[in-house]
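Spelled out, the chains give:
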Amino acid sequence: MSDRLSVLPQYLFPKQALTNFAGWVAGKERGAVTTWIIRRFVAKYGVDMGEALDSDIASYRSFNDFFTRALRPGVRPIAEADLVCPVDGAISQFGKIEGDQIIQAKGHRYSTTALVGGDAALAAKFEHGSFATLYLSPKDYHRIHMPCAARLLRMIYVPGTLFSVNPVTARGVPGLFARNERVVCVFESAHGPFVLALVGATIVGSMATVWHGVVNPPRAGELREWHYDRQLVLPQGDEMGRFLLGSTVVMLFPKPALAFNPAWAPGRAVRLGEAMANYAAG
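Computed from a predicted structure; not experimentally measured.

What is the right way to look at the overall build of the protein in this model?
Summing up its helical and strand segments, the protein has 9 helices and 18 strands in all. In the protein, which comprises 282 residues, the share counted as buried stands at 53%. Partitioning the contacts of the protein with sequence separation of at least 6, the portion at a separation of at least 24 is 75%. Roughly 12300 Å² of accessible area belongs to the protein as shown, and the carbon and sulfur atoms make up 55% of that amount.

Please clarify how the sheet that holds strand β18 (residues 275–278) should be interpreted in this entry.
Within a sheet, neighbouring strands are paired by backbone hydrogen bonds and run either parallel or antiparallel to one another. With antiparallel pairing, 3 strands are arranged side by side in an open sheet as β1-β18-β16. The open sheet has two edge strands, β1 (83–84) and β16 (259–260), and neither has a second partner. When β1 meets β18, the two strands line up antiparallel, connected through 2 bridges. Paired with Leu 83 across the two strands is Ala 277, which belongs to β18.

What exactly am I supposed to notice about the sheet that holds strand β10 (residues 206–209) here?
Strand order in the open sheet formed by 4 strands is β6-β14-β10-β11, and the pairing between neighbours is antiparallel. At either end of the open sheet lies a strand with only one pairing partner, and these are β6 (143–145) and β11 (213–216). Between one strand and the next, the sheet's axes are offset by a mean angle of 25°, whatever the strand orientation.

Is there a simple way to explain a nonpolar patch on the surface in this structure?
Taken together, Val 33, Trp 36 and Ile 37 make up a surface patch of nonpolar side chains, about 280 Å² in accessible area. Tracing the backbone through its elements, the reader meets Val 33 in helix α4 (residues 32–45). According to the relative accessible area criterion, Val 33 is partly exposed, its value standing at 36%.

When you look at the side chain of Arg 143 in this model, what are you seeing that I'm missing?
By the secondary structure assignment, Arg 143 is in strand β6. In terms of polar contacts, Arg 143 uses its side chain to reach the backbone carbonyl oxygen of Thr 68, at 2.7 Å. Here the side chain of Arg 143 touches Glu 239 through a polar contact of 3.2 Å, side chain to side chain. Residues contacting Arg 143, with those up to four places away along its chain left out, are Thr 68, Arg 69, Ala 70, Pro 86, Val 87, Glu 239, Gly 241 and Arg 242.

Any chance you could explain the nonpolar core here in plain terms?
For soluble globular proteins, nonpolar side chains are generally found buried alongside one another. Grouped together as the largest cluster of nonpolar side chains are 38 residues, with contacts concentrated most on Leu 134, Phe 187, Leu 196, Leu 198, Trp 211, Met 240 and Met 276. Of all the secondary-structure elements, those providing two or more residues to this core are β5 (130–135), β7 (150–158), β8 (182–189), β9 (192–199), β14 (239–244), β15 (248–253) and β18. With 4 residues, β7 is the largest single contributor of residues to this core. If we skip the residues at most four places from it in the chain, Leu 196 touches Ile 144, His 145, Pro 147, Val 183, Val 184, Cys 185, Phe 187, Met 240, Val 249, Val 250 and Met 251.

Even after reading the chapter, I still don't get the pairing of β18, so can you show me in this structure?
Across 2 bridges, β16 lies against β18 in antiparallel orientation. By the bridge assignment for β18, Phe 260 is matched with Ala 277.

Explain the environment of Trp 36 to me, please; I cannot follow it from the model alone.
With respect to the helices, strands and loops of the structure, Trp 36 is situated in helix α4. For Trp 36, a relative accessible area of 52% gives the class exposed. Separated by 22 residues in sequence, Trp 36 and Ala 58 place their C-alpha atoms 8.6 Å apart.

Calculation notes
Residues numbered from 1 in each chain as written. Predicted model: local features only at pLDDT ≥ 70, side-chain atom pairs only at ≥ 80, totals over all residues. Heavy atoms only, no water. Helix = DSSP H or I, 4+ residues; strand = E, 2+ residues; numbered from the N terminus. Buried < 20%, exposed > 50% of the residue type's maximum accessible area, 1.4 Å probe, protein only. Contact = heavy atoms within 4.5 Å. Areas by Shrake-Rupley, 256 points an atom, 1.4 Å probe, with all protein chains shown as cover. Pairing = 2+ DSSP bridges. Axes fitted to C-alpha atoms, helices over the stretch in contact; angles between N-to-C directions. Patch = residues over 30% accessible without salt bridge, like charges linked within 9 Å, V, L, I, M, F, W, Y side chains within 5 Å. Salt bridge = Lys/Arg side-chain N within 4 Å of Asp/Glu carboxyl O. Polar contact = N/O pair within 3.5 Å; in protein donor to acceptor, adjacent residues only side chain to side chain. Core = buried A, V, L, I, M, F, W, Y, C linked by side-chain atoms within 4.5 Å.

See the structure below:
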């Protein structure tokens with residue numbers, strides 16, 4: 001079966017209602033029932049609880065508490081690199097932005113303008129720059145960290161649909177990451193601006209940042225934006241946000257093109273803190 005045919009049911013089922021229901025269930029505190037659900041999830045997906053700050057499954061009051069669990073100090077050392085990987089997950093795509101076009105999957109591209117919610121002036125800062133798209137599977141650690149030290153400038157909530165973001169859907173749904181609901185965070189670093197976009201998906205109950213808290217819900221169906229004038233600087237490796245259930249992050253960087261880690265390749269597993277890229281010398 002082709003990827004486009006395999007994702008056809010996603011166009012038909014009520015993604016918003018399913019996501020709202022999943023978010024409601026995940027937030028419930030139901031004692032032994034919650035513990036049973038978490039144990040089943042850990043067994044099914046092979047979650048390594050030995051890395052968790054709290055490895056006792058029974059101590060988590062809700063599934064959301066478990067899903068956004070913290071890691072033990074030191075289990076994700078930060079590499080010496082200009083940019084480090086901000087998440088645990090797998091590489092979807094990365095490389096050079098061709099004009100304003102980002103590779104989603106073989107045969108699929110979308111524009112930086114669409115990703116950031118239609119702001120052409122913002123998107124223009126990244127023409128011929130670099131991008132990286134990282135997929136977080138259900139078993140992964142779901143907090144997002146800073147690839148480099150930077151000052152927060154803006155946050156944009158872009159409403160959208162809620163397709164799955166797994167590799168099959170990325171190959172089968174045109175413009176997926178510019179169609180799904182997302183939270184676009186704009187930063188200024190020592191090397192210029194960059195964007196870190198948190199892309200929602202089916203059953204992703206919400207997305208949150210450390211400076212705002214939960215961004216969605218509410219889902220008002222309209223673009224919302226926040227500007228930050230105070231000096232809110234986040235160091236490299238610090239947490240900046242989290243997903244309540246799995247999803248994807250997309251990063252945009254200005255030209256010249258980055259020198260990515262030579263070990264990186266689409267489909268490769270990555271870990272928070274490993275070297276992602278360096279800026280060109282000079």
